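# Observations on the three-dimensional arrangement
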Amino acid sequence: MGNICRFVINAIGKNGELYFTQCRDKEELKNWIKKNHHKISVNDLRVIDKEKNPTLRWLTKIELTMALRRHS
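For the structure given in this document, a descriptive report is provided here. (Residues numbered from 1 in each chain as written. Predicted model: local features only at pLDDT ≥ 70, side-chain atom pairs only at ≥ 80, totals over all residues. Heavy atoms only, no water.)

## Focus on the sheet that holds strand 3 (residues 46-49)
- The three strands are arranged 2-1-3 in an open sheet whose pairing can be described as antiparallel. Only two strands of the sheet have a single partner each, and these edge strands are strand 2 (18-23) and strand 3. Within the sheet, the average angular offset between the axes of one strand and its neighbour, ignoring direction, is 15°.
- Bridging between strand 1 (residues 7-12) and strand 2 involves six bridges; their strand directions are antiparallel. (Pairing = 2+ DSSP bridges. Helix = DSSP H or I, 4+ residues; strand = E, 2+ residues; numbered from the N terminus. Axes fitted to C-alpha atoms, helices over the stretch in contact; angles between N-to-C directions.)

## Observations concerning the pairing of strand 1
- Bridging between strand 1 and strand 3 involves four bridges; their strand directions are antiparallel. Counterpart to I9 in the pairing with strand 3 is V47.

## A short note on the pattern of salt bridges
- Within the structure shown, the criterion is met by two salt bridges.
- The partner of D49 in a salt bridge is R6, with the nearest N and O atoms 2.8 Å apart. A residue pair is termed long-range when its members are at least 10 positions apart, and D49 in strand 3 and R6 in the segment before strand 1 qualify at 43 residues.
- What makes R6 partly exposed here is its relative accessible area of 23%.
- Note that R6 and E51 form a salt bridge whose closest N and O atoms lie 3.6 Å from each other. Here R6 is found in the segment before strand 1, whereas its partner E51 is found in the loop between strand 3 and helix 2 (54-71), with 45 residues between them in sequence.
- Several salt bridges converge on common partners, so that one network encompasses R6, D49 and E51. (Salt bridge = Lys/Arg side-chain N within 4 Å of Asp/Glu carboxyl O. Buried < 20%, exposed > 50% of the residue type's maximum accessible area, 1.4 Å probe, protein only.)

Without other data, these values stay purely geometric and don't point to any function.
Given below as structure tokens:
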């Protein structure tokens, strides 16, 4: 049976908690971030898209961080 997760989330909470989870698609990823945005530090949130080219991952991380800072 293959691994069906696409996104890997690593985050540090505002009180030092460590979060590690995996999501199947963008909708599940957005729901997790929306549900937990008040508990996590935006600067310490890392989302890895396992299907994306490593160079594009770096650019997407910057865009995601900037979007989350606007909503905080």
